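The primary structure of each chain is shown beneath.
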Amino acid sequence: MVELCRSRSFRTPLGLQRPRRRTWLSWRPPSPRTPPGRRRGCAPTSPTGARNGRGGGARRQAKSASNKKRRASRWAMGGRDAKDCGLFPLHVTECSFLRGLLGWEAFTFFGVILFADKVPEGDTVRHETIHYLQYRELAFLGMPVLYMTALLAGLCVYTWRGRCESVGEVVECAYMANPFEREAYFGEGKRRYLNRRRPFSWWKYVGSFPPEVRFIGALQDR
């Protein structure tokens with residue numbers, strides 16, 4: 001009988017056994033070709049990409065759709081970022097007088113946020129959350145003083161420039177050039193801004209008054 005496979009194995013001085021070494025007489029049959037649409041070691045896949053016997057792709061699609069709906073509902077109220085910043089214990093919804101009398105969607109007053117709608121938009125929530133953080137950084141009492149000081153400074157600057165055609169445009173430019181508002185409008189459209197925001201981020205806008213063309217009509221467009 002012909003020996004088709006010879007092997008040698010011996011132990012090292014430490015007692016460890018080395019792997020077997022095959023000689024030139026060793027022979028093994030070739031591995032079969034992998035059929036198309038199937039990876040080695042995995043179950044065959046269907047044209048839709050679902051593995052047989054594991055529920056198919058419809059289940060994964062339904063799960064991804066539910067996850068998208070959950071994320072959308074979470075971001076509708078500002079998401080996890082606003083909750084971490086302490087927004088939800090200090091807010092009041094359905095304040096219709098804000099839109100009826102002042103035409104505002106929301107307003108932050110000494111850390112308490114008032115919303116005109118029952119379920120405000122995510123941009124509005126993030127905007128007011130930034131104001132809440134500004135209140136907290138200035139111990140809730142320094143924010144109104146600095147806010148009004150910056151607003152008066154903007155009124156003086158844009159009135160002195162004389163490029164606005166009416167008093168309303170002067171007030172609008174002074175409001176939009178306010179450092180606290182510039183940071184709030186900058187971060188309201190960014191979902192991760194509240195997580196990445198550094199304390200006193202509004203300070204970099206202090207002392208700068210952009211051209212009037214940048215602000216005129218900005219509130220109407222929003």
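Small disclaimer: the values here were computed from a predicted structure and weren't measured.

## As for the packing of aromatic side chains
The full count for this structure, using the stated rule, is 13 aromatic pairs. Geometrically, the ring pair formed by Tyr-158 and Phe-209 is edge-to-face, given 6.2 Å between the ring centres and 80 degrees between the ring planes. Highlighted residues: Tyr-158 in helix α5 (residues 142-161) and Phe-209 in the loop between α8 (193-196) and α9 (218-221), separated in sequence by 51 residues. Here Tyr-158 falls in the buried class, since its relative accessible area comes to 0%. In this structure Phe-209 comes out as partly exposed when scored by relative accessible area, which is 25%.

## Comments concerning the sheet that holds strand β5 (residues 112-115)
Pairing is mixed in the open sheet, where three strands are placed in the order β3-β5-β4. Unpaired on one side and paired on the other, β3 (91-92) and β4 (106-109) mark the two borders of the sheet. Across four bridges, the pairing between β4 and β5 is antiparallel. From the neighbouring strand, Phe-107 faces β5, where its bridge partner is Leu-114. Sheet contacts for helix α4 (residues 122-137): β4 and β5; angle to β4, the most-contacted strand, approximately 10 degrees.

## With respect to the nonpolar core
Core analysis: the largest hydrophobic core is formed by 10 residues, namely Ala-106, Ile-113, Phe-115, Val-125, Ile-130, Tyr-132, Leu-133, Ala-184, Tyr-193 and Leu-194. Elements with a minimum of two residues in this core: β5, α4 and α8. Of the residues forming this core, the biggest block, four residues, is contributed by α4. Filtering out sequence-adjacent residues up to four positions away, Ile-130 remains in contact with Glu-183, Ala-184, Gly-187, Glu-188, Tyr-193, Leu-194 and Arg-197.

## Things to note about the pairing of β4
Of the two faces of β4, only the one carrying Ala-106 and Thr-108 is buried; Phe-107 and Phe-109 on the other face are not. Hairpin connection between β4 and β5: a loop of two residues separates the two successive antiparallel strands, and Phe-110 in this loop has a positive phi of roughly 50 degrees.

## Description of the side chain of Thr-108
By the element assignment, Thr-108 lies in strand β4. By relative accessible area, Thr-108 is classed as buried at 6%. At a separation of 2.5 Å, a polar atom in the side chain of Thr-108 contacts the side chain of Glu-128. Not counting the four nearest positions on each side in its chain, Thr-108 is found in contact with Ile-113, Glu-128, His-131, Tyr-132 and Tyr-135.

## Regarding the pattern of salt bridges
Here the idea is simple: oppositely charged side chains can pair when their charged atoms come close. In the structure shown here, the tally under the stated rule is seven salt bridges. Where Arg-126 meets Asp-123, a salt bridge forms, and the shortest distance between an N and an O atom there is 2.8 Å. You can see Arg-126 and its partner Asp-123 sitting in helix α4, three residues apart, about one turn around the helix. Of the residues examined, Asp-123 reaches a relative accessible area of 34% and is grouped as partly exposed. Each of Arg-99, Glu-105 and Asp-117 takes part in a single network of salt bridges with overlapping partners.

## Details of the packing of α5 against helix α6 (residues 167-176)
Across the interface, α5 lies against α6 with an axial gap of 8 Å and an inter-helix angle of 130 degrees. One finds that α5 runs oblique with respect to α6. Judged by the sense of rotation from one axis to the other, the crossing of α5 with α6 is right-handed. Contacts between α5 and α6 involve Tyr-147, Leu-151, Gly-154, Leu-155, Tyr-158 and Thr-159 on the former and, on the latter, Val-170, Val-171, Cys-173, Ala-174 and Tyr-175. Split into classes, the residues belonging to the contact of α5 with α6 amount to nine nonpolar, two polar and no charged.

Scoring rules and cut-offs
Residues numbered from 1 in each chain as written. Predicted model: local features only at pLDDT ≥ 70, side-chain atom pairs only at ≥ 80, totals over all residues. Heavy atoms only, no water. Phe/Tyr/Trp six-rings, centres within 6.5 Å; stacked < 30°, edge-to-face > 60°. Helix = DSSP H or I, 4+ residues; strand = E, 2+ residues; numbered from the N terminus. Buried < 20%, exposed > 50% of the residue type's maximum accessible area, 1.4 Å probe, protein only. Pairing = 2+ DSSP bridges. Contact = heavy atoms within 4.5 Å. Axes fitted to C-alpha atoms, helices over the stretch in contact; angles between N-to-C directions. Core = buried A, V, L, I, M, F, W, Y, C linked by side-chain atoms within 4.5 Å. Polar contact = N/O pair within 3.5 Å; in protein donor to acceptor, adjacent residues only side chain to side chain. Salt bridge = Lys/Arg side-chain N within 4 Å of Asp/Glu carboxyl O. Parallel < 35°, antiparallel > 145°, perpendicular 65-115°, else oblique. Left-handed = near helix turned anticlockwise from the far one by under 90°. Nonpolar A, V, L, I, M, F, W, Y, C, P; charged D, E, K, R; others polar.

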